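# Topology and contacts: notes
Each chain, letter by letter, is given below.
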Amino acid sequence: MGRQSRSRADMVRYPEAFVARIRELAVNHYDDEIVALLRAKGQMSSTGRPHSLETIKWIRYKHRIPAPRPPEGLTVRQVSKRYAVSPSVVYYWVSRGVVTARRRRPNTPYAITIDDESDRRLRDWVANSVRLIPSSRTQTA
């Protein structure tokens, strides 16, 4: 990955140390959280104003700084495929606490954790349910 050339205005506006700080914060924080952290520390932009969401978004875009990684775990789609059930069944399991699921924040994907005991329980549930028909059985019908 080559180094991007920067204009003099960008170098003054967004010094390398500041961009590096945003890169560091972006590992675990979303843009709005970065703004809140910078403001809480009283850090101002080169123009003397508080940092804005638009500024942080621009810096992340311009310097190709990725968003935080989701928590470790399986996605709804992966669980759906593993047990041959629809995603709505997986969401039902999440809402009822049948599976352990975490989100980094609202409206982000779930990270679902399934241990060996939960795996056996879910496989038995699907196999013995009169309502849940695994997709392999529905294809032959």
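Since we're looking at a predicted model, the values are computed, not measured. (Residues numbered from 1 in each chain as written. Predicted model: local features only at pLDDT ≥ 70, side-chain atom pairs only at ≥ 80, totals over all residues. Heavy atoms only, no water.)

## Re the overall build of the protein
Of the regular secondary structure elements, the protein holds eight helices and two strands. Reading the protein from its N end, one meets helices and strands in the order α-α-α-α-α-α-β-β-α-α. Residues counted as buried form 33% of the 141 residues belonging to the protein. Residue pairs in contact within the protein that sit at least 24 positions apart in sequence constitute 54% of those at least 6 positions apart. Of the roughly 10000 Å² of accessible surface on the protein, a fraction of 51% belongs to carbon and sulfur atoms. (Helix = DSSP H or I, 4+ residues; strand = E, 2+ residues; numbered from the N terminus. Buried < 20%, exposed > 50% of the residue type's maximum accessible area, 1.4 Å probe, protein only. Contact = heavy atoms within 4.5 Å. Areas by Shrake-Rupley, 256 points an atom, 1.4 Å probe, with all protein chains shown as cover.)

## As for the pattern of salt bridges
Counted under the stated rule, the structure contains six salt bridges. When the shortest N-O distance is used, the salt bridge between Glu33 and Arg104 registers 3.1 Å. One end of the pair, Glu33, is in helix H3 (residues 31–40); the other, Arg104, is in the loop between strand E1 (100–102) and strand E2 (111–113), and 71 residues separate them in sequence. Accessibility expressed as a relative area gives 22% for Glu33, which makes it partly exposed. A single salt-bridge network, built from bridges that share partners, covers Arg82, Asp119 and Arg123. (Salt bridge = Lys/Arg side-chain N within 4 Å of Asp/Glu carboxyl O.)

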